[in-house]
Amino acid sequence: MRGWRHFVWAIVCGFAGVIVLLSVFIVSMNPYGNLPRILFSEHVIDDTNQRFQYPALIRSQRYDSIVIGASDSRLLHPRALERVFGGRFANLAMNAGLAYEQYRLASLFIREVKDRRTLLVGLDHVWCDEDAGEKRITFRGFPEWMYDDDWRNDLRYMLNAKSVEISGRRFGQALGLRKARFPDGYEVFTPAESAYDPVKVRGKLWDKGGPNSADPVVPAYAANAEERARWQYPALPWLDEIATRFVGRVVFVYVPAHIAAQPPPGSKKAARREECKARIGAIARRHAAPLIDFDIHSEITANDANWWDRLHFRLPIAERVVDDIERALATGKDDPKGDWRYLEGPRTGAVSSTAE
Amino acid sequence: MLFHSQEFILLFLPFAVGIYYALARHQSAREWWLIAASLIFYGWWDIRFLPLLIGQTLTTWLIVELAIRRDWRWPLYVAIVANLSVLGLFKYIDFGASILEQVTGREFAKASLILPIGISFYTFELISYLVDRLRGTAPRYGIRVFGLFIALFPHLIAGPIMRHNEIIPQFAYDPLRTGLYERIGRGLVLFLIGFVEKFFIADQLAIIADPIFAEATQTVPAFSLAGAGALAFALQIFFDFVAYSDMAMGIGLMFGLMLPMNFNVPYRAVSLRDFWRRWHITLSRWLRDYIYIPLGGSREGVGVYVWATLVTMGLCGLWHGAGWTFVLWGLGHGLGLLVCRLWQHYGSPLPAIAAWAITTTFVVLLFVLFRAPDLGTAGHMFAGLAGEGGLGTLWPLATLLPVLIAGTIALIKVPTFEWAMRIQPSWPAAIGFVVLAVICVLEVGEGAPLSFIYFQF
């Protein structure tokens, strides 16, 4: 190399050249489906961080119906849900999805998809948490920029190694070297059923709380109306907003959690949870939406053999839950066997729609 | 805007350097452009900070002009007091109120003012110029070069704390003079080294230190944990600050300006006096020239020496932050310096390795005070280091490796500036630079980069 002049121009041009090439590559591949489409008419999910990939599935316009929720809703199969509700379903439940993140995702769906049909909200404790207002996102990060309506401000967040990697995967797909993963968000993330080990699972279910953690608390905690009125549920206005803005069918399902993960009956926590369910019931009632509660002591939640861990049921239970949702909507009643409570919704069995 | 952010590297810096060299032939224009670029850089943090920076600079300059034209000295004293008052108002008023509360038992309203970034640094530079005017060692400057001396963006936020006479004369140098590409090339190398030190070393050490100090707010950590936290932070603050200083010097070189060196392998120091000659050099010399020596220094007897040392180091601590942890950190160093001097005077010389071990242990322990958010947390950490929380477990690899690697680099590396001055242009160096620079830019694009520790001072 002949001196400093060449060195400086070499590094300046080399650096600028590589950065420009990478930028063009990322924009062309449109790894998150958030930019105007240049090369690809469709987007397929190819990343494990759902928070970054679900907006692309929504913007693909392939789905008119979605599931939102946390990982405890991820095993609800889109095809099974289509059998119950019709339409084209994507399961957009997120691992450890918090209420705010689910709210942002549903809001994006409401804005982006004009012909939407069904929104199934897989409820769990995150909607009732006292700190839901402050604890909005997890360590996984949440790309707010991807959830707004302006793609131009996305560009400043997209020049990074992750975007290059996902763009590379998309390029691989375009060349036919790679198959798309999770095209509708659905993924069996639990181990193979053949690997089920009841002893190991039992340890996972009961070790933390001790063998009696699901036993009722005596005497039961009695909260008067005044105390109940003071309890705060900061996430519920978001739920109300979703239901208000969604033109189509909204279904609230409190998904099952193993009894060891539920607040012990009679405890203050259980009282708080019941109050939360009552307030969600009021939201459902206002929007004529059904609210089905599987988060109770039942054969599903009490039988250890149905579970991988406290929050994640096995595949046959996922199928059973969808069948039960169908039955609940058809009858408009509690399950005679006690698997679910039909807390709100039309009692005749017809599922109604909400209007904007 | 942080030096190690994409907007700075991909937009601001190329734009600022490009226009500067386009105006290189016109001194006035290029200097006004550097002032404008510096104000944009500063205003990027918070536009509300700008009036204070401009106001303090302009007022100081106007007062100096008045003093010169009327041949008065008193306006210079007024300007020093005014600058100190501004610093006191923004940085220390709530601390003062809390002390008053403790003393009187009464409650005082808190001002809760936002601390303008870099105020401690540029106020010290303004004061040094005023004092030098009083001493008759500072020339009269026009508003343009004086404004540029204060606002020059590479050093504006966290130093180096410059003297007017080491930078203002450089503004007149032709940027296109011989050695243009060498200066830019070495500046780029220095900047990249700083980037690597910040992102790949300091920020990784923060991942170790932060949760340990957070835990110590509640409980006494085990010995191994407290040791890891103390050591990780002592290395983190070194690499964090040396990274900023290297990047600042590198940017300075890109504009053809030589900023003073701030660090000279401080963890190789074999005495506390040696440490302070190597650590934050531009602050040390400021304290020496404008506080320690005027208070009497070491030549006016033992009593004056003790007094001057403790006051200087106490103020050094207070300069870093309005809190008792910082004051105690400074006083601790003051006491350490006294003991060091005493030993050097009366004791027999220690073997170098023992002197190094004692010095480093002392410095690392005192950095616990510097990092702890309050005295209670510092107490928990010291209790943990004394074994009150049990011995704990061996460090996992995720702790051991970064601390070992950073510790080794801190001990063996030559000052980065010297290394950057030795490098010769070659294709392998150019290719290595590009690869590393691209990796850095992509990595920093993953999320909001962590700020430099010294930005809070």
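The structure under discussion appears in the preceding block.
Residues numbered from 1 in each chain as written. Chains lettered and ligands numbered in written order. Predicted model: local features only at pLDDT ≥ 70, side-chain atom pairs only at ≥ 80, totals over all residues. Heavy atoms only, no water.

1. What about the state of the cysteines?
Evaluated as defined, the whole model comprises one disulfide over all chains. Here A:Cys128 is linked by a disulfide to A:Cys276, with a sulfur-sulfur distance of 2.0 Å. Residues A:Cys128 and A:Cys276 share a disulfide whose torsion about the S-S bond is about -80°; that sign makes it left-handed. Here A:Cys128 is found in the loop between strand 3 (118-123) and helix 5 (161-174), whereas its partner A:Cys276 is found in helix 9 (residues 268-286), with 148 residues between them in sequence. Accessibility expressed as a relative area gives 0% for A:Cys276, which makes it buried. You can see B:Cys340 has no disulfide; the closest cysteine sulfur is in B:Cys316, sitting 16 Å from it. Under the relative-accessibility criterion, B:Cys340 is labelled buried at 11%. The structure places no disulfide on B:Cys440, whose sulfur is separated from the nearest cysteine sulfur, that of A:Cys13, by 19 Å. (Disulfide = S-S within 2.5 Å. Helix = DSSP H or I, 4+ residues; strand = E, 2+ residues; numbered from the N terminus. Buried < 20%, exposed > 50% of the residue type's maximum accessible area, 1.4 Å probe, protein only.)

2. Overview of the interface of chain A and chain B
Chain A puts 22 residues into the contact, and the matching count from chain B is 27 residues. Between chain A and chain B the total buried area reaches about 2,100 Å² when both faces are included, carbon and sulfur atoms providing 78% of it. Linking chain A with chain B are one salt bridge. In this structure, the salt-bridge partner of A:Arg156 is B:Glu7, at a minimum N-O distance of 3.8 Å. Here the side of chain A that touches chain B takes 14 residues from helix 1 (residues 3-29) of chain A, the largest share from any one element. For the side of chain A that touches chain B, a count of residues per class yields 16 nonpolar, three polar and three charged. (Contact = heavy atoms within 4.5 Å. Buried area = accessible area lost by both parts, 1.4 Å probe. Salt bridge = Lys/Arg side-chain N within 4 Å of Asp/Glu carboxyl O. Nonpolar A, V, L, I, M, F, W, Y, C, P; charged D, E, K, R; others polar.)

3. Side note on the sheet that holds strand 2 (residues 89-91) of chain A
Residues and elements named next belong to chain A. Taken in spatial order, the six strands of this open sheet run 2-1-3-4-5-6, and their pairing is mixed. Looking at strand neighbours, the two that pair on one side only are strand 2 and strand 6 (341-344), the edges of this open sheet. For this sheet the average axis-to-axis angle between neighbouring strands, irrespective of direction, equals 20°. Strand direction decides the pairing type here: strand 1 (residues 65-68) and strand 2, joined by three bridges, are parallel. Bridge pairing links Val-67 to Asn-91 in strand 2. (Pairing = 2+ DSSP bridges. Axes fitted to C-alpha atoms, helices over the stretch in contact; angles between N-to-C directions.)

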